[in-house]
Amino acid sequence: MKLYVVGLGPGEQSQMTVKALEAIKNSDTIVGYGVYVDLIKDIVEGKEIITTPMKKEVDRCHMAVKAAISGKNVSMVSSGDAGIYGMAGLVIEVLSEYENHNVEVEVIPGITAASSASSVLGAPLTHDFAVISLSDLLTPWEHIEKRLSLASEAGFVICLYNPSSKKRADYLNKACEIVMKNLPKDTPCGFVKNIAREGQESVILTLEELKDAKVDMFTTVVIGNRTTKIVDGKLVTPRGYNI
């Protein structure tokens, strides 16, 4: 039996890969966080649907594995890319706890938020960049602080996932304060809310302005480096070509 771990991309089906669509079509059971399963509700009609809320990721993986072991083809779906802050690693780890199974795992990539946000803002990731999640649910904040400091010092453009939540309302502000120790306050930045979904919104602003911006868990933030600039209303980090 196959256990697909499928990256759905940013939201709209036009940005899903053909391979992802085929995996979902070939699956008997669809497993995922309810918000993500809802993105594909019109193409999973008639299939068994298993959803769990946030913070139940391990339970969700066990449900998917058990469904596959029982003889079903299963798709565990994640937004963006299933291997980038997604469920792929956890699925593989959970499956390893079950002995004598005949389940084959296939990870199917999708467009991650860094790529899709970059395309909306212009081209800020055309040179070296780092992706950092501001969620300290699974990573200690002191580790996140160090990564922000070193990445900005090293000159990486920084893409931030999970920049804010009700319990972490000031985390983007704190992140910007750390980065401003290494970068000018007028460094070009941007963010995109609800990428490829209803209510999409994008803003280009300075690092100082970003510090006080209102963002949420469905926002992806891009902090430029010393070479990032605004060209015709687009955020661009030059690669260094002579033009």
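Bear in mind the structure is a predicted one, so any value in this text is a computation, not a measurement.

### A look at the layout of surface pockets
So, step 1. Quantified by volume, the largest pocket comes out at close to 1,600 Å³.
So, step 2. Tyr36, Met54, Tyr85, Asn162 and Met217 are, among the 47 residues lining the largest pocket, the residues nearest its centre.
So, step 3. Listing elements by their share of the lining of the largest pocket, those giving two or more residues are helix H3 (57-69), strand E4 (74-78), helix H5 (113-121), strand E7 (129-133) and strand E11 (219-223).
So, step 4. The element contributing the most residues to the lining of the largest pocket is H3, with 4 residues.
So, step 5. Counted by class, the lining of the largest pocket contains 20 nonpolar, 15 polar and 12 charged residues.

### Details of the side chain of Ser164
So, step 1. Examined against the element boundaries, Ser164 turns out to sit in the loop between strand E8 (157-161) and helix H7 (171-179).
So, step 2. Apart from the residues lying within four places of it in its own chain, the contact partners of Ser164 are Ala169, Val215, Asp216 and Met217.

### Some remarks on the pattern of salt bridges
So, step 1. Under the definition given, this model contains 6 salt bridges.
So, step 2. Lys211 is paired through a salt bridge with Glu177; the nearest N and O atoms lie 3.6 Å apart. Taken together, the residues span a long stretch of sequence, with Lys211 in the loop between helix H8 (207-210) and E11 and Glu177 in helix H7 at a distance of 34 residues.
So, step 3. For Glu177, a relative accessible area of 37% translates into the label partly exposed.
So, step 4. In the salt-bridge network here, residues are joined through shared partners; they are Lys2, Lys19 and Glu106.

### A short note on the side chain of Thr220
So, step 1. Considering the arrangement of structural elements, one finds Thr220 in strand E11.
So, step 2. If we skip the residues at most four places from it in the chain, Thr220 touches Ala113, Ala117, Cys159, Leu160, Tyr161, Gly190, Phe191, Val192 and Ile195.

### Notes on the domain arrangement of the chain
So, step 1. Taken as a whole, the chain is organised into domain 1 (2-108) and domain 2 (113-236).
So, step 2. The C-alpha-based centres of domain 1 and domain 2 are spaced at 28 Å.
So, step 3. Here domain 1 and domain 2 share an interface that buries about 830 Å² over both sides, 63% of which is from carbon and sulfur atoms.
So, step 4. Area buried by domain 1 at its contact with domain 2 is led by Pro10, Lys55 and Tyr85, which between them contribute 55% of it.
So, step 5. Between the two partners, domain 1 and domain 2, sit 4 residue pairs in polar contact (both at pLDDT 80 or more).
So, step 6. For the side of domain 1 that touches domain 2, the class distribution of residues is 6 nonpolar, 3 polar and 2 charged.

### Looking at the packing of H3 against helix H4 (residues 88-95)
For any two helices packed against each other, one specifies the inter-axial angle together with the distance between the axes.
So, step 1. It is at 9 Å that the axes of H3 and H4 come closest, and there the two elements cross at 60 degrees. Comparing their axes, H4 and H3 come out oblique. The two elements H3 and H4 meet at a crossing, and its hand is right-handed. In this structure, H3 uses Glu57, Val58, Cys61, His62 and Val65 to contact H4, whose residues at the interface are Leu90, Val91, Val94 and Leu95.
So, step 2. Its residues assigned to classes, the contact of H3 with H4 shows 7 nonpolar, 1 polar and 1 charged.

### Describing the packing of aromatic side chains
So, step 1. Counting across every chain of the model gives 3 aromatic pairs.
So, step 2. Note on Tyr33 and Tyr36: the rings are 5.2 Å apart at their centroids and 80 degrees apart in plane angle, and the pair reads as edge-to-face. No difference in accessibility class separates Tyr33 from Tyr36, as the two residues are buried.
So, step 3. Summarising the aromatic geometry, the rings of Tyr85 and Tyr161 are spaced 5.1 Å apart at their centres and angled 50 degrees between planes, so their arrangement reads as tilted.

### Re the state of the cysteines
So, step 1. By the definition in use, this model includes 0 disulfides.
So, step 2. Cysteine Cys176 shares no disulfide, and the gap to the nearest cysteine sulfur, in Cys189, comes to 6.6 Å.

Rules behind the numbers
- Residues numbered from 1 in each chain as written.
- Predicted model: local features only at pLDDT ≥ 70, side-chain atom pairs only at ≥ 80, totals over all residues.
- Heavy atoms only, no water.
- 1 Å grid on protein atoms, 1.4 Å probe; cavity = no way out; pocket = protein on both sides within 12 Å on 5 of 7 lines; lining within 4 Å.
- Points joined across faces, edges and corners; volume = space filled by probe spheres on them.
- Helix = DSSP H or I, 4+ residues; strand = E, 2+ residues; numbered from the N terminus.
- Nonpolar A, V, L, I, M, F, W, Y, C, P; charged D, E, K, R; others polar.
- Contact = heavy atoms within 4.5 Å.
- Salt bridge = Lys/Arg side-chain N within 4 Å of Asp/Glu carboxyl O.
- Buried < 20%, exposed > 50% of the residue type's maximum accessible area, 1.4 Å probe, protein only.
- Domains from an automatic or database assignment.
- Buried area = accessible area lost by both parts, 1.4 Å probe.
- Polar contact = N/O pair within 3.5 Å; in protein donor to acceptor, adjacent residues only side chain to side chain.
- Axes fitted to C-alpha atoms, helices over the stretch in contact; angles between N-to-C directions.
- Parallel < 35°, antiparallel > 145°, perpendicular 65-115°, else oblique.
- Left-handed = near helix turned anticlockwise from the far one by under 90°.
- Phe/Tyr/Trp six-rings, centres within 6.5 Å; stacked < 30°, edge-to-face > 60°.
- Disulfide = S-S within 2.5 Å.

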